[in-house]
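# Coordinate analysis (summary)
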Amino acid sequence: MKIIVCIKQVPGTNDVEIDEETGSLKRDSAAAKTNPYDLYAMETALRLRDEYGGTVTAVTMGPPQAEVMMREAYMMGVDDAYIFTDRVFAGADVLATSYTLALGITSCCEFDIIVCGRQTTDGDTAQVGPAMAEYLGIPCAAWVGEIGRLDGSSIEVGQNFVNIRQLAKMELPCLITVEKDIYTPRLPSYRLKAASKDRSVHIMTFADLKDQDKDHYGLKGSATSVERIFPPETHNEQVFVEGSAGEIAEQMADLFYDRKYI
């Protein structure tokens, strides 16, 4: 069984610089961590490998410093890792990101199953996984909270929607996006850290992809653009009101009115 897991580095703090020209996050200027939802995807991929055999390959699109994240993936048990990185890919929206990932995967790996986290904490669109499946021409199941029977030709999964749970069966190869309650992610292993310290993290650039039209990647290949992006405002001011219940209610109403909350 050849399994691909898609992971991503996201800002580890709200203190992130913004590129005023493009409206994009400066990902190389802030502390980074593995997207929390992708840890559940990685655990799912590793459990599938442990039960059915095969290999797990982690892939990401991002800056070269994503190698730190890939080293952590090795420490969790991933067998191989690829980073798709190039200035041409910068500023990509869902459309361009999913296209780059799909093309990168087909350029480096064979696969039976691709596992993605439900969404990322910096974008929150939950669209990259399904969009990749569309580009790859394979079936997709999102919001997967349970893995059922898996054989050499198909997989059964349970999907958790708002008010219902649905069982689905898909032919392989396919793509799934998993929920955070599917499994508890394992911790990195010191033994695996020592065993993988000399293992390479493969780097692929624009030149390695089959499509050499730069208009299909990054900002040029994006169908959407960010009009404005800014960090959330923080307020430390505190207001205390005193008096009877009626007086406090009146003061609170006036305060809300002055601040245009009501």
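Everything below is about the structure printed above this text.
Residues numbered from 1 in each chain as written. Predicted model: local features only at pLDDT ≥ 70, side-chain atom pairs only at ≥ 80, totals over all residues. Heavy atoms only, no water.

## Quick word on the pattern of salt bridges
Taken as a whole, this structure holds 13 salt bridges when the rule is applied. When the shortest N-O distance is used, the salt bridge between Glu156 and Arg149 registers 3.8 Å. Of the residues examined, Glu156 reaches a relative accessible area of 30% and is grouped as partly exposed. Arg149 sits in the partly exposed class, given a relative accessible area of 40%. Taking the shortest distance from any N to any O, the salt bridge between Asp198 and Lys197 comes out at 3.3 Å. Its relative accessible area of 67% is what places Asp198 among the exposed residues. Taken together, the shared-partner salt bridges in this structure form one network comprising Glu43, Arg47, Arg49, Asp50, Asp79 and Arg186. (Salt bridge = Lys/Arg side-chain N within 4 Å of Asp/Glu carboxyl O. Buried < 20%, exposed > 50% of the residue type's maximum accessible area, 1.4 Å probe, protein only.)

## Some words on a negative patch on the surface
Negative charge collects at one region of the surface, where Glu247, Glu250, Asp254 and Asp258 lie side by side. Looking at where Asp258 falls in the secondary structure, it is placed in helix α6 (residues 245–258). Overall, Asp258 belongs to the exposed group, its relative accessible area being 59%. (Patch = residues over 30% accessible without salt bridge, like charges linked within 9 Å, V, L, I, M, F, W, Y side chains within 5 Å. Areas by Shrake-Rupley, 256 points an atom, 1.4 Å probe, with all protein chains shown as cover. Lys, Arg positive; Asp, Glu negative; His and termini not counted. Charge placed at Lys NZ, Arg CZ, Asp CG, Glu CD. Helix = DSSP H or I, 4+ residues; strand = E, 2+ residues; numbered from the N terminus.)

## Here's the deal with the packing of helix α3 (residues 94–108) against helix α4 (residues 128–136)
At a minimum axis separation of 8 Å, α3 and α4 run at an interaxial angle of 55 degrees. Here α3 is positioned oblique relative to α4, judged by the angle of their axes. Considering the relative orientation of α3 and α4, their crossing is right-handed. Mapping the contact onto sequence places Val94, Leu95, Thr97, Ser98, Tyr99, Leu101, Ala102, Ile105 and Thr106 in α3 and Val128, Ala131, Met132, Tyr135 and Leu136 in α4. Taken together, the residues of the contact of α3 with α4 break down into eleven nonpolar, three polar and no charged. (Axes fitted to C-alpha atoms, helices over the stretch in contact; angles between N-to-C directions. Parallel < 35°, antiparallel > 145°, perpendicular 65-115°, else oblique. Left-handed = near helix turned anticlockwise from the far one by under 90°. Contact = heavy atoms within 4.5 Å. Nonpolar A, V, L, I, M, F, W, Y, C, P; charged D, E, K, R; others polar.)

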